[in-house]
Amino acid sequence: MTDSLAPKSRTRTGYVLAVAATGVLLVISTLLPWAGVEARSDLIGGGLTDDMRGIDGSYGIYTLVAGLAVVAFGVAGLMGRRWLAALAVLPAGLAVLVLVMFLSDSTGGASLDLGRLLSVEPVIRFGWYAALTSALAATLTSLLTLLRRTPA
């Protein structure tokens, strides 16, 4: 009887641990560059960039708070109440929504293209992609904590 319970417990603990880990990754991703502006000129053979980190704006702060909540739910799940880790789906899902809203607001920026003379355009940086991946992974792993394995 105890042998059939051990794999289920280990599997669910792994998912709960994954919830906490993806929450940590979500928090870290708010410190990375999310967006920037690139200005290039073929005439002078170079360009300039200016990056904005996630926590430099309100969307990043919301994502940071959501990431901290995911970590808190994950840790609470590790302390014995595994069903609490499933509640991490709420802040993780909200983080996905906030990240999509950030993308829709930041792509509205105007770009300037004067051929070879000057080109200025907004860009999305790797930190935003990392945050979106972490938020989606946190959503998925928090839902997976609800799975119950049936003994073979």
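None of these values were measured; they are calculated from a predicted model. (Residues numbered from 1 in each chain as written. Predicted model: local features only at pLDDT ≥ 70, side-chain atom pairs only at ≥ 80, totals over all residues. Heavy atoms only, no water.)

Re the pattern of salt bridges
Part 1 of the reasoning: As enumerated under the stated definition, the model contains 3 salt bridges in all.
Part 2 of the reasoning: Residue Arg125 is joined to Glu38 by a salt bridge in which the shortest nitrogen-to-oxygen separation is 3.3 Å. You can see Arg125 sitting in the loop between strand E4 (119-124) and helix H5 (126-144) and its partner Glu38 sitting in strand E1 (residues 33-41), a full 87 residues away along the chain.
Part 3 of the reasoning: Arg125 gets classed as buried once you look at its relative accessible area, which sits at 16%.
Part 4 of the reasoning: By relative accessible area, Glu38 is classed as buried at 13%.
Part 5 of the reasoning: Close ionic contact of Arg53 with Asp56 constitutes a salt bridge, the shortest N to O distance being 3.3 Å.
Part 6 of the reasoning: Each of Glu38, Asp51 and Arg125 takes part in salt bridges that share partners, so that together they form one network. (Salt bridge = Lys/Arg side-chain N within 4 Å of Asp/Glu carboxyl O. Helix = DSSP H or I, 4+ residues; strand = E, 2+ residues; numbered from the N terminus. Buried < 20%, exposed > 50% of the residue type's maximum accessible area, 1.4 Å probe, protein only.)

Remarks on the confidence of the model for the protein chain
In regions of low pLDDT, the predicted coordinates are not meant to be interpreted in detail.
Part 1 of the reasoning: Taken as a whole, the protein chain shows an average pLDDT of 83; of its residues, 84% reach a score of 70 or greater.
Part 2 of the reasoning: The low-confidence segment residues 1-7, where pLDDT is below 50, has 2 contacts with residues more than four positions distant or belonging to other chains. (pLDDT = per-residue confidence, 0-100. Contact = heavy atoms within 4.5 Å.)

Some details on the pairing of strand E2 (residues 46-53)
Part 1 of the reasoning: As defined by bridge partners, E1 adjoins E2 across 8 bridges and the pair is classed as antiparallel. Residue Ala35 lies in a different strand from E2, and its bridge partner there is Met52.
Part 2 of the reasoning: Between E1 and E2, which pair antiparallel in sequence order, lie 4 residues; one of them, Gly45, sits at a positive phi of approximately 70°. (Pairing = 2+ DSSP bridges.)

Considering H5
Residues spaced three or four apart along an α-helix face the same direction, because each turn holds 3.6 residues.
Part 1 of the reasoning: Under the 1.5 Å per step criterion, the end-to-end length of H5 is 27 Å for 19 residues, consistent within 8% with the ideal 27 Å.
Part 2 of the reasoning: The complete set of buried residues in H5 reads Gly127, Trp128, Ala131, Leu132, Ser134, Ala135, Ala138, Thr139, Thr141 and Ser142. (Expected span 1.5 Å × (residues − 1).)

A few points about the packing of aromatic side chains
Part 1 of the reasoning: Summed over the entire model, instances satisfying the criterion amount to 3 aromatic pairs.
Part 2 of the reasoning: On the basis of an interplanar angle of 70° and a centroid distance of 5.2 Å, the ring pair of Trp34 and Phe102 is categorised as edge-to-face. Separated by 68 residues along the polypeptide, Trp34 in strand E1 and Phe102 in helix H4 (residues 89-106) bring together distant segments of the chain. The pair formed by Trp34 and Phe102 is uniform in burial state, with each residue classed as buried.
Part 3 of the reasoning: Between the aromatic rings of Tyr59 and Phe102, the centroid separation amounts to 6.0 Å while the plane-to-plane angle is 80°, which identifies the pairing as edge-to-face. Placement of the pair is Tyr59 in helix H2 (residues 58-78) and Phe102 in helix H4, with a sequence separation of 43 residues. Comparing Tyr59 with Phe102 shows no difference in burial state: the two are buried.
Part 4 of the reasoning: Through a chain of ring-to-ring contacts, the aromatic side chains of Trp34, Tyr59 and Phe102 assemble into a single cluster. (Phe/Tyr/Trp six-rings, centres within 6.5 Å; stacked < 30°, edge-to-face > 60°.)

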